[in-house]
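Residue-level structural notes
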Amino acid sequence: MGSRMTFHLVPKIIVCGYTLCHFPFHGTHYFAFTYQIENGRMIKNYFDLSSILSNEELIPVTFTTPLFGLGKDVNPRTAEGETHDEVQVGSTATLPLWAAVAFRQVGHIVPQVPPRYTTSVFREFKTDPLAVSLHAKSPYYYEAGLLLCAMLPTGDGNRLAGQLFRLYQLRYLKIIRAAAKKGFDLSDVREKLCESERDLLDALIRGMEEERQWYRSAF
């Protein structure tokens with residue numbers, strides 16, 4: 001017999017003993033938690049909006065245990081695509097990352113790699129790293145990807161981490177070069193950047209402007 005555990009995701013959430021952050025959104029009260037890793041420990045962070053939003057990214061999962069009372073919230077399906085009223089062993093669904101992390105911690109799900117993180121997607125960036133809009137794939141592509149890495153089997157997690165690192169390197173250099181071009185219109189480039197890349201671009205522009213101001217004042 002599988003474990004009989006009852007969960008409710010929205011608007012009331014009780015997930016595996018975690019203390020959850022409560023915040024109102026469009027008149028509905030939602031609960032969520034975010035975290036960061038510091039010296040190998042999970043640190044709760046209730047004030048980082050980017051962290052909250054990256055934890056809302058959806059990923060496909062397969063359930064390894066039946067979970068009663070969760071079916072109406074996650075719309076579980078069989079491998080053939082048929083819908084279930086309750087989560088059964090082998091059911092598939094999409095969960096926000098914060099929920100997937102909690103369920104993975106206690107062995108209730110096995111995460112799957114979303115289509116936006118497959119090897120074929122990373123190949124799209126080889127010819128011109130900035131030609132493809134990363135923002136369209138996910139505004140928090142790197143942050144959500146790194147959270148996913150920690151949940152995947154070691155080999156898959158290391159592969160994805162390496163691909164994310166190489167992609168960031170390639171796009172990082174292109175962003176710097178684009179920002180350094182005098183008179184270059186950055187609006188088109190900016191639209192294709194995910195949020196962390198936009199932060200990088202803004203920091204570069206601020207730094208260059210501060211340098212120009214310093215140079216004018218010094219000479």
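Residues numbered from 1 in each chain as written. Predicted model: local features only at pLDDT ≥ 70, side-chain atom pairs only at ≥ 80, totals over all residues. Heavy atoms only, no water.

You'll find the chain entered in an unreviewed UniProt entry as GINS subunit domain-containing protein, with Trypanosoma brucei gambiense given as the organism. The record in UniProt for the chain states the following under Sequence similarities (unreviewed entry): "Belongs to the GINS3/PSF3 family." Its UniProt record, at the heading Subcellular location (unreviewed entry), says of the chain: "Nucleus". (UniProt positions renumbered as here; feature names shortened; annotations may be inferred.)

Another point: helix α3 (residues 97–105). Among the nine residues that make up α3, seven are buried, leaving the element largely enclosed by the rest of the structure. Within α3, burial applies to Leu 97, Trp 98, Ala 99, Ala 100, Val 101, Ala 102 and Phe 103. Positive backbone phi, at 80°, marks Gly 107, one or two positions downstream of α3. (Buried < 20%, exposed > 50% of the residue type's maximum accessible area, 1.4 Å probe, protein only. Helix = DSSP H or I, 4+ residues; strand = E, 2+ residues; numbered from the N terminus.)

Positionally, Arg 171 belongs in helix α7 (residues 154–180). Taking relative accessible area as the criterion, Arg 171 reaches 0% and is therefore assigned buried.

This paragraph deals with the packing of aromatic side chains. If you walk through the whole model with that rule in mind, you get six aromatic pairs. Ring centres of Tyr 142 and Tyr 168 lie 5.1 Å apart, and the angle between their planes is 85°; on these two criteria the pair is classed as edge-to-face. With a gap of 26 residues between them, Tyr 142 in helix α6 (residues 141–151) and Tyr 168 in helix α7 connect regions that are remote in the sequence. Between Tyr 168 and Tyr 172 the ring centres are 5.9 Å apart and the planes differ by 35°, which places this aromatic pair in the tilted class. Separated by four residues within a single helix, Tyr 168 and Tyr 172 lie in helix α7, roughly one turn from each other. Using a relative accessible area of 30% as the deciding quantity, one classes Tyr 168 as partly exposed. Exposure remark for Tyr 172: the relative accessible area of 33% places this residue in the partly exposed category. One aromatic cluster is present, formed by Tyr 117, Phe 122, Tyr 141, Tyr 142, Tyr 168 and Tyr 172 through successive ring pairs. (Phe/Tyr/Trp six-rings, centres within 6.5 Å; stacked < 30°, edge-to-face > 60°.)

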